[in-house]
Each structure stands twice: as structure tokens, then as C-alpha cells.
Amino acid sequence: MTSLIRGGIIVTAEQTYRADVLCAEGKIAAIGKDLEAPSGCDIIDAGGQYVMPGGIDPHTHMQLPFMGTVASEDFYTGTAAALAGGTTSIIDFVIPDPEQSILDAYRTWREWSQKSAADYGFHVAITWWDESVHEEMGTLVREEGINSFKHFMAYKGAIMATDEIMYNSFTRALELGAMPTVHAENGELVFQLQKKLLAEGMTGPEAHPLSRPPAAEGEAANRALRFAETIGVPLYIVHVSTSEAVEELKRARAEGQRAYGEVLAGHLLIDESVYQNPDWDKAAAHVMSPPFRAPEHQEALWKGLQGGALQTTATDHCCFCADQKAMGRDDFTLIPNGTAGVEDRMSVLWHHGVGTGRLTMNEFVAATSANAARIFNIYPKKGCIAVGSDADIVIWDPAAGKTISAKTHHQNIDTNIFEGMRVKGLASHTLTRGALAYVDGDLRAVRGAGEYVKRPAFHASFDALAIQAAANKEKPVDRG
Ligand code: DUC
Ligand code: ZN
Ligand code: ZN
């Protein structure tokens, strides 16, 4: 399949320029002014529009079994919705049960993800520890293209990683050239506050943010960063939601740590007042962790994104419908945690980022695509408009607008946290490896067309280790 994108303005993380893009056999074959169309080639008119790398959402949970139910969005519906919004790749999470082989869990998730319409990769969560986990981390990195391991510092009694697990796993990640990532909330503090609030009779969604205060995130971010610093491994903090965690990242980076932070579109734009909604269903629809925060945190997150403390934007897309949220009607700690956003992230970020002058268009591409590709080592295959890159492209119409609504979205969930938000700037066309998957409201996602993307280990870490190992072996030379 060959297609020529004609007349658009290319926007990458580095450059903005006018050129045509020829896509052939899934890749970008040529970029240039007034390219000739090979015979039989589809012509896509991008006049007046921007041609950008497709979005990469580095944090989703399709069909996740979680809190006694399963997320309603599966790998097909979720990646199709992503394509409708201009996102062409996701990195989802394999979350093994404690004591489950992490390799077996990985194989299960690979099976579930066969139906994806867009490309995908996985972070693997480390929820327990023994020698087999140590071994299987090696197999995952060397043979399966996994280069990041997630640690939930919350969810005590379920998937929480203790300090001991984090120490062992971070150390192993360093050996393997892989990136540890953390969900930073102090699980013990959250557990104790949940018990206290329930004992005081607070059972509704309004108790959810009270059980997960900003201090619980700041403490965990600090602890994870200090572990990473001591062990000498990089660290990526998912869904940073507080000024406290942003400050920890700024400090670590200023001290020379390779520390990265991700922010969710929802945390940038929605505040904690949603939990005060007297309509239980509407309040419960916003229960996710970390929770939405007071407005001053949103300001800190925007500044973190603008100033470089935060590099990526994601959604933590994890859908539960009203009947699933109702499992926690009498006890807020039983409300399945999760909200959606994979379809809306790009337009919400464009409208509130580029549209307000907080982000340049190049910074938008960096924050929605290129930085995730770089951090997780798939650049420039993904995240870039360059000859040889995958033809994962969004053609962006800056003049098009819509009002976001659950009534019209493609996501398999009955609410939308951005309900009623008017956004200007939308995907008009989305190409996944050269194939048109979305054209002006017409979703042409193909079940099973998505490919698993292997992500190589970080060679710099290997090099550093090799140098260190060689240095350890070297006998001191007596130079007289
Ligand atoms: N937070 C959520 O809200 N859902 C899934 C997992 C998580 O950490
Ligand atoms: Zn999380
Ligand atoms: Zn998550």
C-alpha cells in the first residue's frame, strides 16, 4: 500500500516545515517538496493541516482484571478509539498476580492483545520476588523486547511492591539495561487512611482523595528516586499528579539523576471537586488513583511539563462502566479505580497546551509522542516523521473542533471525564503503518492489524556495566 500525503506542514519534536510524505510498505519512504505520486498511489490532501507523528500513549490498561472485575475496554476497542483520536501506539501493562510467573502473565497479555488495531508494547509489573522473577526478567528483556518494569507502591495486600521488592527489581533492571517505573503512592499510608475514613463513616467517593493525600505521593516519589539514585538506575514515575512529586523530580534531575515523569491529560485539567458531586455515579466515575487534585497541583503539572521536569503525557486509560463502579456503593475502597482518555488525550493537550500558548507545536509532539519513544527506546521507529520510520502519522486539522461526549466517543465506557469540553484541533486522518485507520469521522480500524513492538534494552547501561565489570577485574597497575 502506497500513499502520498500532500500539501501539509510537517511538525516533529524538532522541526516545522512544508513537505509531502510518501508512505510505502508501512514505512515513510520519502519526504520532500512536490513529491511525485507513484502510479496507483492514494493521495491524501493535507492542505492547511499539520502532519505529525502519531501519538504514543505510554500508559493504558486494556481489559485489565482489577479489583474484582475486568476493564470494559479491550485491546481492539481501545486501540480503535486511540486511532480515532490520533494515537497510533500504546504501551500497556502486564500485571502478574503475586506468585504468578511473570513470563506466563506476559504470554497471557500477548494473547489478549492479538486483537489490537494499533501497535502496542508492554511494561511488566513486578508484584513479588524470588529467584524465578530475577531469571524471567532476563528472559523478558533479552528475548521478548521488554525494557521497563513497573512497581505499584500502593495497593497493599494485592499488587504492592515492598521496598525489598523494589530494591531487588531495580538492581536487576540495572543489570539488564531496563527502566524501572513506579506508581508513586505510599501504600501503607493509603491503607491506614482508608480504614480510618471508613471507621468514621465516610463511605462515598468524597473519601477517595482524602485517603490518598498529596503527601503520600510526594513521599513515594522521593523514596523511589532515592532507591534509583543509590542503585544507579534511571527511573520513570507514571502519572505524576502533585506539586510534591514534581518538586522531587526537579531535585533529582538537578542533581544529575536520569529521572523522568509522566502526566495524565486528566490530572492536567480536572480537579478534585468532581468527588463532591452529589450524584454518586458521577463522583464514582472519577475514582482513579492517584485521584484528581486541588487546582494548584494542575498549575504545577503544567509548569512541570513546560519546564522539562515532566516529559510525557498519558491517560492511564482503564475503563469501568457504572455497573462496575457500583461494586463500591457502600465502601469507596471497593470502587474499581480507573478512568478513560486514550481517544481524547491528543485533542485535549492540543487545545489546552498549544491553543493556550503553554506548549509550542514541537513541544506538543515531544510530549505526546517523541519523548515516550525516546525514553522507552523505540525512537525513531516511532515518534518521528523521517525516512525509514514507521508510517504512524496523524494529520491534524487545527481548525476542526468538537464537544467531547460519551454519547459520541468510540471508547467502550459509558462516561467521559472530559464530558462537555469543547476542543479545537482534531485528527482528520490517522495512519497506522501506512494504512488509513481514521478519515474525517470514519473509523476504519482493523481488528488484529496492530503489531507487538519489541523495545530493546538500553545499551548505554550495558556499556556502563561492561566498563564497570572490566574495571573491577583490572588489577591495579604499579607504575613505579
Ligand atoms: N490506577 C487506576 O486508577 N487504575 C488502574 C491502576 C492504577 O494505578
Ligand atoms: Zn498507577
Ligand atoms: Zn495505570
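The structure displayed is predicted, hence computed values, not measured ones. Numbering of residues begins from 1 in every chain and follows the order in which that chain's sequence is written. Here chains are named by letter from A upward and ligands by number from 1 upward, in the order in which they appear as written. This being a predicted model, a pLDDT of at least 70 is required before a residue's local features are given, and a value of 80 or more before pairs of side-chain atoms are given or counted; all residues contribute to the totals for chains, interfaces and linings. The side-chain numbers reported here are obtained from all heavy atoms of the structure, hydrogens and water having been left aside.

A. Expanded view of the nonpolar core. For our purposes a nonpolar core is just a set of buried Ala, Val, Leu, Ile, Met, Phe, Trp, Tyr and Cys residues, chained together by side-chain atoms within 4.5 Å. Exposure categories follow from relative accessible area, calculated using a 1.4 Å probe and restricted to protein chains: below 20% of the type maximum is buried, above 50% is exposed, and the middle band is partly exposed. Core analysis: the largest hydrophobic core is formed by 110 residues, its most contacted members being Met52, Phe149, Phe170, Val182, Ile237 and Leu305. Looking at this core, the element that brings in the most residues is helix H7 (residues 214-231), giving seven residues. Beyond its immediate sequence surroundings of up to four residues, Met52 is in contact with Val11, Trp350, Phe364, Val365, Ile385, Asp392, Ile393, Val394 and Trp396. Core analysis: the second largest hydrophobic core is formed by 14 residues, Ile10, Val21, Ile44 and Ile393 among them. Each helix is a run of H or I in the DSSP string that is no shorter than four residues. Each strand is a run of E no shorter than two, and both are numbered from the N terminus. What makes two residues a contact is simply this: any of their non-hydrogen atoms within 4.5 Å.

B. Looking closely at the coordination of the zinc ion (ligand 3). Those donors, His59 (NE2), His61 (NE2) and Asp316 (OD), are the protein atoms that reach the zinc ion (ligand 3), and they lie 2.0 to 2.2 Å from it. Taken in chain order, the donor set of the zinc ion (ligand 3) reads H-x1-H-x254-D. Between the two metals, the zinc ion (ligand 3) and the zinc ion (ligand 2), the spacing is 3.5 Å. Pair noted here: His61 is in the loop between strand S8 (55-60) and strand S9 (65-66) and Asp316 is in the loop between strand S17 (312-314) and helix H12 (322-325), with a separation of 255 residues, a long-range link. This pair shows no difference in class: His61 is buried, exactly as Asp316 is. The donor set covers N, O and S atoms within 2.8 Å of the metal, switching to 3.2 Å for Na, K and Ca, and it leaves out water, so a site may look short of donors.

C. Focus on the confidence of the model for the protein. Scored from 0 to 100, pLDDT reflects the predictor's confidence in each residue. Residues of the protein with pLDDT of at least 70 account for 96%, and the chain-wide mean is 96. Note on residues 475-480: pLDDT under 50 across the span, and zero contacts to partners over four residues away in sequence or across chains.

D. Layout of the coordination of the zinc ion (ligand 2). Distances from the zinc ion (ligand 2) to its protein donors, His183 (ND1) and His239 (NE2), fall within 2.1 Å. Judged by relative accessible area, which is 2%, His239 ranks as buried.

E. Structural detail: the site of ligand 1. Neighbouring ligand 1 are His61, Phe66, Phe152, Tyr155, His183, His239, Met288, Ser289, Asp316, Cys318, Asn337 and Gly338. Within the side chain of Tyr155, an N or O atom sits 3.2 Å from a nitrogen atom of ligand 1. Asn337 has a polar backbone atom sitting 3.0 Å from a nitrogen atom of ligand 1. Accessible areas in this description were obtained via Shrake-Rupley with a 1.4 Å probe; residue shielding takes into account the shown protein chains only. When ligand 1 sits alone it has 240 Å² of accessible area, and the protein chains cover 100% of it. In terms of residue class, the shell around ligand 1 is made up of five nonpolar, six polar and one charged. Each residue is tested against the molecule or strand, and it is near if at least one of its non-hydrogen atoms lies within 4 Å. Here a polar contact means two N or O atoms within 3.5 Å. Within protein one must be a hydrogen donor candidate and the other an acceptor candidate, and residues neighboring in sequence count only if both atoms are side-chain atoms. Under this grouping Gly is polar, as are all residues other than the nonpolar Ala, Val, Leu, Ile, Met, Phe, Trp, Tyr, Cys and Pro and the charged Asp, Glu, Lys and Arg.

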